[in-house]
Amino acid sequence: MTAVLFDLDGTLVDSEPNYFEAGRRTLARHGVTDFDWERHTDFIGIGTRETLAVLRSAYAIAAPLEELLAAKNGHYLDLARAGTRVFPGMRRFVERLHAAGVPMAVASGSSRTAIGAVLAGTGLAGYFPVLVSAEEVPRGKPEPDVFLEAARRLGADPADCVVVEDAPPGAAAAHAAGMRCVAVPYVPGTADDPAFLRAGLLFPAGQDAFDPAAAYAYVTGRGDTGSPA
């Protein structure tokens, strides 16, 4: 039985604006005033801990990493609870997979608390019996650990899993896990990244071009592989 493993942020939900604002607030408390959206996009698809470790070093922030992590997660949860938008095509895709009895999981670089809060607030929680945070595995994306753990908890062979991702590190992690990938770039300009070009199904224009029917056909083996025009 095929299983589908979803990334959360930028894939199922448009949470990146909340993550950007949470990061901006956290860094501003430590005197960093030039963290902008363009810089944020460098870290899309990379876990919160790994992102903060890089930024802490880049900006020579003295505060411990755990302090920065707690602060950013706190800001993010406040923003997420106030409102997080589900991509409409993704909601239809999830509902169709659920109706067909396809096992699903969320495998994300976000904290377990953040994943739970977003899924509960968007009404998606009931579709995902398995949630895996990068906090629960030794290595975050682009390493395959989070996807392999999700497959293990679902009782699925990695070769039978399809990953749905929006960022090159996640697509690379899917490939490293030996899984097929549906790639929906959050930043369409990254669609020619080598990690995306190895995806079985690529929507180069991102969420605006995502076709739930085509994705369902690919996942269930009743459609051609390739990149929609």
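The paragraphs below set out a description of the structure included in this document. What you see is a predicted model; the values in this text were computed from it and never measured.

Comments concerning helix H7 (residues 145–154)
Next up, step 1: Buried within H7 we find Asp145, Val146, Phe147, Glu149, Ala150 and Ala151.
Next up, step 2: Buried positions along H7 lie against strand E1 (3–6), strand E2 (104–108), strand E3 (130–133), strand E4 (161–165) and helix H8 (168–176).
Next up, step 3: Residue glycine 155 follows H7 closely and has a positive phi angle near 75°.

Comments concerning helix H10 (residues 212–220)
Next up, step 1: Taken residue by residue, H10 has Pro212, Ala215, Tyr216, Ala217, Tyr218 and Val219 as its buried positions.
Next up, step 2: Those residues of H10 that are buried lie in contact with E1, helix H5 (88–99), E4, strand E5 (180–183) and strand E6 (201–202).
Next up, step 3: Its side-chain oxygen at 3.0 Å from the backbone nitrogen of alanine 213, aspartate 211 defines the N-terminal cap of H10.

As for the sheet that holds E5
Next up, step 1: Pairing within the open sheet is parallel, and its six strands lie in the order E3-E2-E1-E4-E5-E6. This sheet does not close on itself; its edge strands, each paired only once, are E3 and E6.
Next up, step 2: This element, H5, spans E1, E2 and E4 of the sheet and lies at about 150° to E1.

Observations regarding the packing of aromatic side chains
Next up, step 1: Taken as a whole and assessed by the stated rule, the structure comprises seven aromatic pairs.
Next up, step 2: Summarising the aromatic geometry, the rings of tyrosine 19 and tyrosine 76 are spaced 3.8 Å apart at their centres and angled 15° between planes, so their arrangement reads as stacked. Of this pair, tyrosine 19 sits in helix H1 (residues 16–28) while tyrosine 76 is found in helix H4 (residues 65–82), placing the two residues 57 residues apart along the sequence. Both residues of the pair, tyrosine 19 and tyrosine 76, count as buried.
Next up, step 3: Considering the side-chain rings of phenylalanine 20 and tryptophan 37, the 5.7 Å spacing of their centres and the 85° angle between planes classify their relative orientation as edge-to-face. Separated by 17 residues along the polypeptide, phenylalanine 20 in helix H1 and tryptophan 37 in helix H2 (residues 37–41) bring together distant segments of the chain.
Next up, step 4: Residue classification places tryptophan 37 among the partly exposed residues on the basis of a relative accessible area of 33%.
Next up, step 5: The residue whose ring lies beneath arginine 180 is tyrosine 218, and the NZ or CZ to ring-centre distance is 4.8 Å.

Thresholds applied
The residue numbers shown here count from 1 along each chain, following its written sequence. Given that the model is predicted, a residue must reach a pLDDT of at least 70 before its local features are reported, and side-chain atom pairs must reach 80 or more before they are shown or counted; all residues, however, enter totals for whole chains, interfaces and linings. Note that water and hydrogens are dropped before the side-chain values are worked out from all heavy atoms of the structure. Partly exposed describes any residue whose relative accessible area lies between the buried limit of under 20% and the exposed limit of over 50%, with all areas from a 1.4 Å probe on protein chains only and scaled to the type maximum. Secondary structure follows DSSP: runs of H or I at least 4 residues long count as helices, runs of E at least 2 residues long count as strands, and numbering of each begins at the N terminus. Should any heavy atoms of two residues lie within 4.5 Å, those residues are considered in contact. Here a polar contact is recorded for every N or O atom pair within 3.5 Å, except that within protein the pair must consist of a potential hydrogen donor and a potential acceptor, and residues adjacent in sequence are included only if both atoms are side-chain atoms. A strand pair is defined by DSSP finding two or more bridges across the two strands. Between N-to-C directions, angles span 0 to 180 degrees; the directions come from axes that are lines fitted to C-alpha atoms, helices contributing only their stretch in contact. Working definition: a ring pair exists when centres of Phe, Tyr or Trp rings (six-membered ring for Trp) sit within 6.5 Å. Plane angles under 30 degrees give stacked, over 60 give edge-to-face, the rest tilted. For a Lys NZ or an Arg CZ to count as sitting over a ring, it must be within 6 Å of the ring centre and within 35 degrees of the ring normal.

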